[in-house]
Amino acid sequence: MWLEILLASVLGFAIYWFVSRNKEETLPLEDGWWGPGARPAAAEDESIRPFKVETSEEEIEDLHRRIDSVRLTPALEDVRFHFGFNSKYLRKVLSYWRNGFDWKKQVEILNRYPHFKTKIEGLDIHFIHVKPPQPLSGCTPKPLLMVHGWPGSFYEFYKIIPLLTDPRKHGLSDEHVFEVICPCIPGYGFSEASSKKGTVAGAGGWLLLGARSSHRRGDSRDSCPRGLGSQMASAPSLALLGAAGGGWAEQRSLAASAGLGAWTLALSGAPCPGAGPPLGPGLSQGSPRAARAPRTSLVPGSLICTNMAQMVPSHVKGLHLNMAFVLNPGTLTFLLGQRFPRLFGYTQRDVELLSPFKEKVFYSLMRESGYMHIQCTKPDTVGCALNDSPVGLAAYILEKFSTWTNPEFRDLEDGGLERKFSLDELLTNVMLYWTTGSITSSQRFYKENLGQGFRANKHDRMKVHVPTGFAAFPCELIHVPEKWVRFKYPNLISYSYMARGGHFAAFEEPELLAQDICKFVGLLEQR
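Keep in mind it's a predicted model, so treat the numbers as computed, not measured.

A. The arrangement of the overall build of the protein chain in detail. Helix and strand counts for the protein chain stand at 21 helices and 11 strands. Here the protein chain, with 527 residues, has 58% of them falling under the buried criterion. Surface accessibility of the protein chain: about 22000 Å² in total, with carbon and sulfur atoms responsible for 55%.

As structure tokens, this is what we get:
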């Protein structure tokens, strides 16, 4: 018997070693066209256009009319949030939305930061680009791309942006100061949705990579058009993907371009007047590959920056994540690691966050993944209902901000929603889906990326070799031990057990996340 166990263990480790070999690969760069119809013969207008969020009385009156005509089903007794969003508490939310929520005021808050749009592969892509309020003496701000996921938005980053762009004013160290780029993923919010199928992971990364933003050597306050996508390639989740929080695992990424300084991003598009040298080895301005680089497909949240790192690792300075999809053969070692954690590469904190394994992993994922099964198969069907009813949309989205923030919140009558967020914050995020009519297109990413089968896409099977940092928030949907993260990201240089927080890290715990980003960047600069 013991001989059989020994042989099985040896065979298991042999298979694990074979599968986990650190083979360096890159995803191919391809052209794409995601707008309606065929690609026009004329060159695409790649200019950066200022954008402003706006509303109207008609828009607000239509919302109020629909809320007034709501028809809710009474909640079961003592059900709290175990059956989903409790309709008793929903009435309170709707009352505030109808009578207290000031959308015009929130629009002013949204316009606090500079907004832009640019055409990429036939789609209008929206992003904000925030620079330090004061010129920096003796250093250049580090470009940081932060990408949201579902059901989030660029608004999730409004709390963390000032901590990164003006840390001294907020009581933090100014050793690392950033200029932050936050795009809307195509099909989300103010970014146009694809008219074609095939917007899979790997495409979106480069589509965003092509978006033009502003970054000028020696003058971070100059708004000269440069490549947002390239900046995206550099950093929620950081091309240093942004994917902080969000259904697609937010991450942040920082990208570096040879010749432009250690923290300048690899930018695409036409150069600014007097704005520095080429994009780096093999990607000089005007080269066929540089022209092609930002032309591929679409990706959400953490996948976007991970794909960027897989496509052009030499142009991605670093990658910072707070969620990762890392199913691998080593995952099952935790079943033995519960009893002998150190022997199998786990810490006592890993055991606490993953035990009991059946409850914390299998049952938890079963409870929280129903939406994913729907959106991976027939997103347009549920989208019809959600896009027509603001009440249904609010319940569908806000329920995620309850149990994804803390699974224990399902035991509360109000889902704990107002323990970490205000109703103004939560409803502003909902309004970004409602006013743009983007809920259906946002859900299609699940069908495109996860509806093709397990590990069907090449990027699912590839490792990421750029320097990576990981922040493990204790209330994330599933805890990912360092051992598991390192399987996908072998160049992991920073792994932090965060004191508190869940899925929407930047929205919930902006200071903790900002500190961990700076910690990672400090380690990165020491290399």
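Next comes the rest of the account.
B. Here's a closer look at the pattern of salt bridges. Evaluated as defined, the whole model comprises 22 salt bridges. Note that D78 is salt-bridged to R80, the shortest N-O span being 3.8 Å. Under the relative-accessibility criterion, D78 is labelled exposed at 58%. Between E352 and R349 there is a salt bridge whose closest N-O contact spans 3.1 Å. Of this pair, E352 and R349 both sit in helix 11 (residues 348-354), separated by three residues, roughly a single helical turn. A relative accessible area of 43% means that E352 is categorised as partly exposed.

C. Molecular detail of the side chain of H115. Structurally, H115 is set in strand 2 (residues 115-120). A polar contact of 3.4 Å, which involves the side chain of H115, links it to the side chain of Y158. Among all residues touching H115, those that are not within four sequence positions of it are R49, P50, F51, V53, L110, H126, F127, I128, F154 and Y158.

D. Quick peek at the confidence of the model for the protein chain. Mean pLDDT over the protein chain: 79, with 74% of residues reaching 70 or higher. Counted against residues more than four places away or in other chains, residues 209-300, with its pLDDT under 50, gives 469 contacts.

E. Region of interest: the environment of K458. Mapped onto the secondary structure, K458 falls in the loop between helix 18 (439-450) and strand 10 (468-472). What makes K458 partly exposed here is its relative accessible area of 38%.

F. Broad picture of the packing of helix 15 (residues 390-403) against helix 17 (residues 423-434). Between helix 15 and helix 17, the least distance of the axes is 10 Å, while the angle of their chain directions is 130°. With respect to each other, helix 15 and helix 17 are oriented oblique. In terms of crossing hand, the pair formed by helix 15 and helix 17 is right-handed. Across the interface between the two elements, P390, L393, A394, I397, L398 and F401 from helix 15 touch L426, L427, N429, V430, Y433 and W434 from helix 17. Among the residues forming the contact of helix 15 with helix 17, the class breakdown is 11 nonpolar, one polar and no charged.

G. View of the sheet that holds strand 4 (residues 142-145). Strand order in the open sheet formed by five strands is 1-2-3-5-4, and the pairing between neighbours is mixed. Where the open sheet ends on each side, the last strands, each with one partner, are strand 1 (49-51) and strand 4. Between one strand axis and the next, the sheet turns through 35° on average, direction left out of account.

H. Up close: the side chain of S364. Its location among the elements puts S364 in helix 12 (residues 357-368). Overall, S364 belongs to the buried group, its relative accessible area being 10%. Leave out the neighbours within four places in its chain, and S364 touches E359 and L477.

I. Main features of the packing of aromatic side chains. Per the counting criterion, the structure on display carries 28 aromatic pairs. Aromatic side chains Y113 and Y158 sit 4.8 Å apart centroid to centroid with 65° between the ring planes, which places their arrangement in the edge-to-face category. With a gap of 45 residues between them, Y113 in the loop between helix 4 (103-110) and strand 2 and Y158 in the loop between strand 4 and helix 5 (161-165) connect regions that are remote in the sequence. Each member of the pair, Y113 as well as Y158, is classed as buried. On the basis of an interplanar angle of 10° and a centroid distance of 3.9 Å, the ring pair of F401 and F504 is categorised as stacked. Of this pair, F401 sits in helix 15 while F504 sits in the loop between strand 11 (492-497) and helix 20 (505-508), placing them 103 residues apart in sequence. As far as burial versus exposure is concerned, F401 and F504 are alike and both buried. Between the NZ or CZ atom of K400 and the centre of the ring of Y396, over which it lies, the distance is 5.7 Å. The lysine or arginine in question, K483, covers the ring of Y346, its NZ or CZ lying 5.8 Å from the ring centre.

J. Looking closely at helix 3 (residues 87-99). Over its 13 residues, helix 3 runs 18 Å from end to end, which matches the ideal 18 Å to within 8%, given 1.5 Å per residue. Those residues of helix 3 not exposed but buried are S87, Y89, L90, V93, L94 and W97. In a view along the axis of helix 3, the buried residues occupy a sector of 145°, so they form one face of it. For helix 3, the exposed residues lying more than 90 degrees away from the buried face are K88, R91 and N99. Packed against the buried residues of helix 3 are helix 2 (57-68), helix 15, helix 16 (417-420) and helix 17. Between the side-chain oxygen of the N-cap and the backbone nitrogen of K88 there are 2.8 Å, and the N-cap of helix 3 in question is N86.

K. Spatial organisation of the pairing of strand 10. Of all five residues in strand 10, five are buried, a share of seventy percent or more. Neither face of strand 10 is left uncovered, since the one carrying T468, F470 and A472 and the one carrying G469 and A471 both have all their residues buried. Across three bridges, the pairing between strand 9 (residues 318-321) and strand 10 is parallel. The residue bridging H320 from the neighbouring strand is G469, located in strand 10. As paired strands, strand 10 and strand 11 are joined by five bridges and run parallel to one another. Across the sheet, residue F470 finds its bridge partner in strand 11, namely Y495. Remark: the strand 10/helix 19 (residues 482-488)/strand 11 crossover connection has right-handed handedness.

L. Examining unusual backbone geometry more closely. The step from W150 to P151 runs through a cis peptide bond, and the omega angle for that step is 5°. Positionally, P151 belongs in the loop between strand 4 and helix 5. In this chain, S355 is followed by P356 through a cis amide linkage whose omega measures -5°. Residue placement: P356 occurs in the loop between helix 11 and helix 12. In this structure, R80 takes a positive phi of about 50° despite not being glycine. With respect to the helices, strands and loops of the structure, R80 is situated in the loop between helix 2 and helix 3. Given the relative accessible area of 25%, R80 is considered partly exposed. Of note, E121 is a non-glycine position whose phi angle comes to about 50°, a positive value. Relative to the helices and strands, E121 is located in the loop between strand 2 and strand 3 (123-130). Relative accessible area serves as the criterion here: at 0%, E121 is assigned to the buried category.

Calculation rules
- Residues numbered from 1 in each chain as written.
- Predicted model: local features only at pLDDT ≥ 70, side-chain atom pairs only at ≥ 80, totals over all residues.
- Heavy atoms only, no water.
- Helix = DSSP H or I, 4+ residues; strand = E, 2+ residues; numbered from the N terminus.
- Buried < 20%, exposed > 50% of the residue type's maximum accessible area, 1.4 Å probe, protein only.
- Areas by Shrake-Rupley, 256 points an atom, 1.4 Å probe, with all protein chains shown as cover.
- Salt bridge = Lys/Arg side-chain N within 4 Å of Asp/Glu carboxyl O.
- Polar contact = N/O pair within 3.5 Å; in protein donor to acceptor, adjacent residues only side chain to side chain.
- Contact = heavy atoms within 4.5 Å.
- pLDDT = per-residue confidence, 0-100.
- Axes fitted to C-alpha atoms, helices over the stretch in contact; angles between N-to-C directions.
- Parallel < 35°, antiparallel > 145°, perpendicular 65-115°, else oblique.
- Left-handed = near helix turned anticlockwise from the far one by under 90°.
- Nonpolar A, V, L, I, M, F, W, Y, C, P; charged D, E, K, R; others polar.
- Pairing = 2+ DSSP bridges.
- Phe/Tyr/Trp six-rings, centres within 6.5 Å; stacked < 30°, edge-to-face > 60°.
- Lys NZ or Arg CZ within 6 Å of the ring centre and 35° of its normal.
- Expected span 1.5 Å × (residues − 1).
- Arc of directions from axis to C-beta.
- Right-handed = clockwise from strand over helix to strand, strands pointing away.

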